[in-house]
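Each chain is listed here by its residues.
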Amino acid sequence: MGEQKKENAPGQDLNQILRNRREKLKALQDAGKDPFQITKYDVTHHSAEIKAHYDELEGREVSVAGRMMFKRVMGKASFCNVQDLQGGIQAYVARDSIGEDPYKDFKKYDIGDIIGIRGEVFKTKTGEISIHVSEITLLSKSLQVLPEKFHGLTNTDLRYRQRYVDLIMNPESKETFMKRSQIIREIRRFLDDRGFMEVETPMLVSNAGGAAARPFDTHYNALDEDVKLRISLELYLKRLIVGGLERVYEIGRVFRNEGVDTRHNPEFTLMELYQAYTDYEGMMELTESMFRHLAETVCGSSRITYNGIEINLGKPFERLTMNDAIRKYAGVDFDAVETLEEARELAKEHHIEYEERHTKGEIINLFFEEFCEKELIQPTFIMDHPLDISPLTKKKPSDPEKVERFELFINTWEMCNAYSELNDPIDQRERFAAQDAAFAAGNEEANHTDEDFLNALEIGMPPTGGIGYGIDRLVMLLTDSAAIRDVLLFPTMKSIDK
């Protein structure tokens, strides 16, 4: 019988099991075999590597280290499974091969112990690639009990709180995070190939601007000043464009004091990039090319599946203005609406709740959120937003009530937000003033005037295209993950003692 099954058998006293493990450790220590005194182990191969190159490695000696996930003792010979970074591999442990005393020690090892094994690669009679062990070393003693193997760690809350156990018990979880790392690596490769420079900007700021969000406040003791955690990367990256760094990007954590749900976490990974001498059309080309590149390199195809729905990233992305989308999905033509009163009447007719402080542009956005977002499954660029909701964006020369902005929607989610960046310091000051007024009227997510940023614009910023991507949401899409917590190694959780 497998030892893990024994330890988790009904009627087993968990406290007794934990005591037994500590007693085993004490016995090892008393015998001068304390595993915690071992400082290193020479690993020559990983499990998947051995399986992939069996023809070359058959009969050769290898050493592997990992966590023992299964053990079956059969008299003078036993089998166990060692799980490492790449997966698991079976080990054949015989008394006559490793020696009588080491074999006695091995029989006392527990599921979850970390071991090193050295031996020859071979195939069992059933054809399973295995290691015939000549030497086995206990590298770390597990003093806790892992979840029962055949059911895994299924408690979602516990998976998030104890990600280290989740990674051990659920191979698909480990695969998601390895793929996340690959996605970020490919983003960097894509941008580096286009001449972008990766930079870092401050997280603690006096003015948290660049987005509509409520910041976290903290206090800087050394300067005796109240500061905020950044909500965006935008204003500092634009300062670098002013300084002559023509293509810059940053991948970093930002913090927004808002709710937690399947697509939002108060701290998340944002990537923003800025490119001088281009506009939002250039950002559309870059975005479409990058998403296609990521799908092909990470997922193996430009056609991906999310929650059973195929999403085609290979064909040209659809382009709709925000007003066109509202006309298509709500049957309302805001291009024909001239006044705030008309917009309010339409909102009432269509049961759209608004506040007295909301402008015409904000009501247009409410219509879009209510009627359009849920329809946008295949990649769609929503363009030309109202000026009122875009305080950092250039106006469209042909229609000054709109701006050169787009958001990419896939699977009903906003995947990124991009502008032809506003570089007129006089216009920018007026828009900051409007944001200050909105904050005073009760909008806690409004921007504030940033005098140093205005000074930078007065020095002179070239025409620039800029964009921000939510990396976590992108990883959700490319890994077919249901919730943002599934792609964050350590998501924000309420304290257990509250």
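Relevant structure appears above.
Residues numbered from 1 in each chain as written. Predicted model: local features only at pLDDT ≥ 70, side-chain atom pairs only at ≥ 80, totals over all residues. Heavy atoms only, no water.

Caption draft 1: Here's a closer look at the pairing of strand 9 (residues 225-229). In the sheet, strand 7 (residues 204-205) pairs with strand 9 via 2 bridges, with the strands oriented antiparallel. Following the sheet pairing, Val205 is matched in strand 9 by Lys228. Pairing of strand 8 (residues 217-220) with strand 9, which is carried by 4 bridges, proceeds in the antiparallel orientation. The residue of strand 9 that forms the bridge with Tyr220 is Glu225. Between strand 8 and strand 9, which pair antiparallel in sequence order, lie 4 residues; one of them, Asp224, sits at a positive phi of approximately 50 degrees. (Pairing = 2+ DSSP bridges. Helix = DSSP H or I, 4+ residues; strand = E, 2+ residues; numbered from the N terminus.)

Caption draft 2: Structural context of the packing of aromatic side chains. Inspection of the entire model under this criterion finds 12 aromatic pairs. Pairing Phe79 with Tyr92 gives two aromatic rings, centres 5.2 Å apart and planes at 50 degrees, and the pair type is tilted. Here Tyr92 lies in strand 3 (residues 87-94) and Phe79 lies in strand 2 (residues 77-84), a separation of 13 residues in the sequence. Here Phe106 and Tyr109 contribute two aromatic rings whose centre-to-centre distance is 5.7 Å and whose plane-to-plane angle is 75 degrees, an arrangement assigned as edge-to-face. A single burial state applies to Phe106 and to Tyr109, both of which are buried. One aromatic cluster is present, built from ring pairs that chain together Phe79, Tyr92 and Phe122. A cation sits over an aromatic face here: Lys71 above Phe106, 5.4 Å from the ring centre. Cation over ring: Arg239 sits above Tyr236, and NZ or CZ is 4.5 Å from the ring centre. (Phe/Tyr/Trp six-rings, centres within 6.5 Å; stacked < 30°, edge-to-face > 60°. Buried < 20%, exposed > 50% of the residue type's maximum accessible area, 1.4 Å probe, protein only. Lys NZ or Arg CZ within 6 Å of the ring centre and 35° of its normal.)

Caption draft 3: Quick peek at the sheet that holds strand 2. Read once around its circumference, the closed barrel built from 5 strands follows the order 1-2-3-5-4, with strand pairing classed as mixed. Taking each pair of neighbouring strands and ignoring which way they run, the sheet shows an average axis angle of 55 degrees. Contacting strand 1 (61-74), strand 2, strand 3 and strand 5 (129-140), helix 6 (residues 100-107) crosses the sheet at an angle of about 65 degrees to strand 1. (Axes fitted to C-alpha atoms, helices over the stretch in contact; angles between N-to-C directions. Contact = heavy atoms within 4.5 Å.)

Caption draft 4: Structural detail: the pattern of salt bridges. Inspection of the entire model under this criterion finds 41 salt bridges. Ionic pairing is found between Arg327 and Asp333, a salt bridge with its closest N-O pair at 2.7 Å. What makes Arg327 partly exposed here is its relative accessible area of 31%. The exposure class of Asp333 is partly exposed, given its relative accessible area of 33%. Among the salt bridges present, the one from Arg431 reaches Asp427, with a minimum N-O distance of 3.1 Å. Pair noted here: Arg431 and Asp427 are both in helix 15 (residues 425-440), with a separation of 4 residues, about one helical turn. (Salt bridge = Lys/Arg side-chain N within 4 Å of Asp/Glu carboxyl O.)

Caption draft 5: Local environment of the pairing of strand 5. Of the pairings in the sheet, the one linking strand 3 to strand 5 comprises 3 bridges and is parallel in character. Directly across from Ala91, in strand 5, lies its bridge partner Ile131. As defined by bridge partners, strand 4 (residues 114-123) adjoins strand 5 across 10 bridges and the pair is classed as antiparallel. Bridge pairing in strand 5 links Ile114 to Ser140. The turn linking strand 4 back onto strand 5 is made up of 5 residues, and Gly127 within it adopts a positive phi angle of 90 degrees.

Caption draft 6: Spotlight on unusual backbone geometry. The backbone of Asn307 sits at a positive phi, close to 50 degrees, despite the residue not being glycine. Mapped onto the fold, Asn307 is located in the loop between strand 12 (303-306) and strand 13 (309-312). Note on Asn307: relative accessible area 63%, which makes it exposed. Residue Asn411 is not a glycine yet carries a positive backbone phi of 55 degrees. By secondary structure assignment, the location of Asn411 is in the loop between strand 18 (405-410) and strand 19 (413-420). A relative accessible area of 10% places Asn411 in the buried class.

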